[in-house]
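So the chains spell out like this:
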Amino acid sequence: MFDEPHTNTLLENSLVCRKLQLNYQRNRKQDCTERLDAAAAKFRYEDCKDEYWNPIEFSLLYGTLLWEQASETQRILLNQLYWVAYYSQIISAEIATIFFNQTSAAGLYGQEDFRLVCDMLDLESSQERAHINAFKTISEQVEAHLFGKRIFTYAMRTPFTQTMIYANTNALKTAWKKLQLHGFGLLSADNTFLACQYFTVRGLRTLNGKLVQHKLSSYYQNHSDKENAPVPSKISYYHFMDESFHFNSSTILSHDILNCIAPPTHFERFIANLGIKGCQKDHYHFSVAINGIFWYDPALYSTIYRILRSRVFGMEPSEAIEMMEACFTQETEGLHRSYQTHREAVESYKVYLEPVGYGWKENKEMAVMGSNSIRQYLTLQQRKFSAARRTLLQSSQD
Ligand SMILES: [Fe+2]
Ligand SMILES: [Fe+2]
């Protein structure tokens, strides 16, 4: 139309456009926002406090000595606390997602014809806000009721923090992470390739969520009386439905759109690979306490100790310490299950990264994440737990 150098436009790639349109239209049609808002508004812990909310094996410390010795009432609580812990982590991840959806949309909108992508991302961000609201409403009510204080939840926060809420971190690492997040936000808002390739990292994270959330959502799907099923199980289901579209859009953006834009420079490759490697590092650990979230268990000791010492479990300090030692430092069924999920994630991440041509070998092979093992987990826990023992005992005297 104009006498200027030809640049690729998205509309020239009709197949990719069609995929985007379909995904966006279907998501709009099925959008669970209203159902999630209504479910969260209706939630009263009293109404479902005696029920499981997830398939039974998705309970806190399932398959450990604590689980074996727990009464039926305590098992139900461990199942509900899994829900609270799991979705408290998801809140943190989704706060980050909202921000990077926006910076990436800014980066992509600088290209011809990217309105559709940006509209789709706007819808996804607004869905994340409804997800967060539902998770937060339920989790806070549960913790207030059971403990009278926060356990896994936290006050609302910005995206510039450690996304993994129980990570192997310290003040310096946290400050560095914050700087990296600020840096990536600035870069991606003004760089098409990096904006596009944020979705490779988002895709990996969503893939991890999908593996577990598919199972969590099955509780409601298989429930014989859906109308009266526990509200949190409904929320797991609605959330999973929205997220499947988010996963599709991550895949279209990171795989298909990658081929519609200019190839990356050395610098762009480097930054995008650092992002993927950062995701591997974040997902290096696996947790016996919570199958499917890659938390660093030593960071979780004090939280588990508080739960065991609360009136829910009513353990004496020495009893709680002994129980934790048995749960964290010994080989258990729970540990094998968590490790299994970690292996599944490694394998599915590798498949996801296959079409990402610019990926470093260590990223495509998931070398960092894949190097963890049950043996390493136990060696680490044995060392960390004996060091933490005294601090834990002291904390109960305070
Ligand atoms: Fe979500
Ligand atoms: Fe999402």
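Residues numbered from 1 in each chain as written. Chains lettered and ligands numbered in written order. Predicted model: local features only at pLDDT ≥ 70, side-chain atom pairs only at ≥ 80, totals over all residues. Heavy atoms only, no water.

K.L.:
Give a detailed account of the overall build of the chain, specifying residues and quantitative values.
P.N.:
Secondary structure assignment for the chain yields 15 helices and zero strands. Taken over C-alpha atoms, the radius of gyration comes to 22 Å for the chain, in line with the 21 Å a tight globule of 398 residues would show. Principal-axis analysis of the C-alpha atoms places the extent of the chain at approximately 80 × 45 × 35 Å. A burial count over the chain gives 57% of its 398 residues as buried. Relative to all contacts within the chain whose residues are 6 or more apart in sequence, the contacts with residues 24 or more apart total 80%. (Helix = DSSP H or I, 4+ residues; strand = E, 2+ residues; numbered from the N terminus. Rg over C-alpha atoms; globule rule 2.2 N^0.38 Å. Buried < 20%, exposed > 50% of the residue type's maximum accessible area, 1.4 Å probe, protein only. Contact = heavy atoms within 4.5 Å.)

K.L.:
With reference to specific residues and values, describe the coordination of the iron ion (ligand 2).
P.N.:
Ligation of the iron ion (ligand 2) by protein atoms is provided by E128 (OE), E243 (OE), E243 (OE) and H246 (ND1), these donors lying 2.0 to 2.3 Å from the ion. Bound by four donor atoms, the iron ion (ligand 2) shows angles of 57 to 160° at the metal and therefore irregular coordination geometry. All donor residues of the iron ion (ligand 2) come from one chain, and their arrangement in sequence is E-x114-E-x2-H. Residue class for H246 comes out buried when judged on its relative accessible area of 1%. (Donors = N, O, S within 2.8 Å, 3.2 Å for Na, K, Ca; no water. Tetrahedral: all angles 85-135°; square planar, octahedral: opposite > 155°, others 65-115°.)

K.L.:
Got a sec to walk through the packing of helix α8 (residues 192-221) against helix α10 (residues 266-282)? Specific residues and values, please.
P.N.:
Two elements in contact, α8 and α10, have axes whose closest approach is 10 Å; the angle formed by their N-to-C orientations is 15°. In this view, α8 runs roughly parallel relative to α10, as classed from their interaxial angle. In this structure, α8 meets α10 at a crossing whose hand is right-handed. Contacts between α8 and α10 pair F193, L194, Q197, T200, V201, L204 and R205 from the former with E268, R269, I271, A272, G275, I276, C279 and D282 from the latter. (Axes fitted to C-alpha atoms, helices over the stretch in contact; angles between N-to-C directions. Parallel < 35°, antiparallel > 145°, perpendicular 65-115°, else oblique. Left-handed = near helix turned anticlockwise from the far one by under 90°.)

K.L.:
For the coordination of the iron ion (ligand 1), give the residues involved together with the corresponding values.
P.N.:
Distances from the iron ion (ligand 1) to its protein donors, namely E94 (OE), E94 (OE), E128 (OE), H131 (ND1), H239 (NE2) and E243 (OE), fall within the range 1.9 to 2.7 Å. Metal-centred angles of 54 to 174° between the six donor atoms at the iron ion (ligand 1) mark the site as irregular. Written as a sequence motif, the donor residues of the iron ion (ligand 1) are E-x33-E-x2-H-x107-H-x3-E. In this structure the iron ion (ligand 2) is found 3.7 Å away from the iron ion (ligand 1), and E128 serves as a bridging donor for the pair. Of this pair, E94 sits in helix α5 (residues 72-109) while H131 sits in helix α6 (residues 115-146), and the two are 37 residues apart along the sequence.

K.L.:
Residues and numbers for helix α7 (residues 171-188), please.
P.N.:
Its 18 residues place the ends of α7 26 Å apart at the C-alpha level, agreeing with the 26 Å of an ideal helix rising 1.5 Å per residue. Residues K177, L181, F184, G185 and S188 constitute the buried set of α7. Relative to the axis of α7, the buried residues are bounded by an arc of 100° and lie together on one face. Seen from the open side of α7, the exposed residues pointing more than 90 degrees away from its buried face are A171, L172, W176, L179 and L186. The distance from a side-chain oxygen at the start of α7 to the backbone nitrogen of L172 is 3.1 Å, and the residue carrying that oxygen is N170. (Expected span 1.5 Å × (residues − 1). Arc of directions from axis to C-beta. Polar contact = N/O pair within 3.5 Å; in protein donor to acceptor, adjacent residues only side chain to side chain.)

K.L.:
Break down the packing of aromatic side chains for me, with residues and values.
P.N.:
Under the criterion given, the structure shown has 28 aromatic pairs. For the pair Y87 and F135, a centre-to-centre distance of 4.4 Å together with 20° between the ring planes defines the contact as stacked. Residue Y87 is found in helix α5, and its partner F135 is found in helix α6; the two are separated by 48 residues along the sequence. Residue classification places Y87 among the buried residues on the basis of a relative accessible area of 0%. (Phe/Tyr/Trp six-rings, centres within 6.5 Å; stacked < 30°, edge-to-face > 60°.)

K.L.:
Account for unusual backbone geometry, naming residues and giving values.
P.N.:
One non-glycine residue with positive phi stands out, namely L61, at about 55°. Tracing the sequence through the fold places L61 in the loop between α3 (45-48) and α4 (65-69). Since its relative accessible area comes to 1%, L61 is described here as buried. Its identity as a non-glycine residue notwithstanding, D113 has a phi of 70°, on the positive side. With respect to the element layout, D113 can be found in the loop between α5 and α6. Using a relative accessible area of 29% as the deciding quantity, one classes D113 as partly exposed.

K.L.:
Go over the pattern of salt bridges, please, and point to the residues and values.
P.N.:
Per the counting criterion, the structure on display carries 15 salt bridges. Between R44 and D47 there is a salt bridge; the shortest N-O distance is 2.7 Å. Between E347 and R343 there is a salt bridge, with the nearest N and O atoms lying 3.5 Å from each other. Placement of both E347 and R343 in helix α13 (residues 333-353) is noted, with a separation of four residues, approximately one turn of the helix. For E347, a relative accessible area of 38% translates into the label partly exposed. Given a relative accessible area of 23%, R343 falls into the partly exposed group. It is possible to trace a salt-bridge network through shared partners that takes in K136, E140 and R150. (Salt bridge = Lys/Arg side-chain N within 4 Å of Asp/Glu carboxyl O.)

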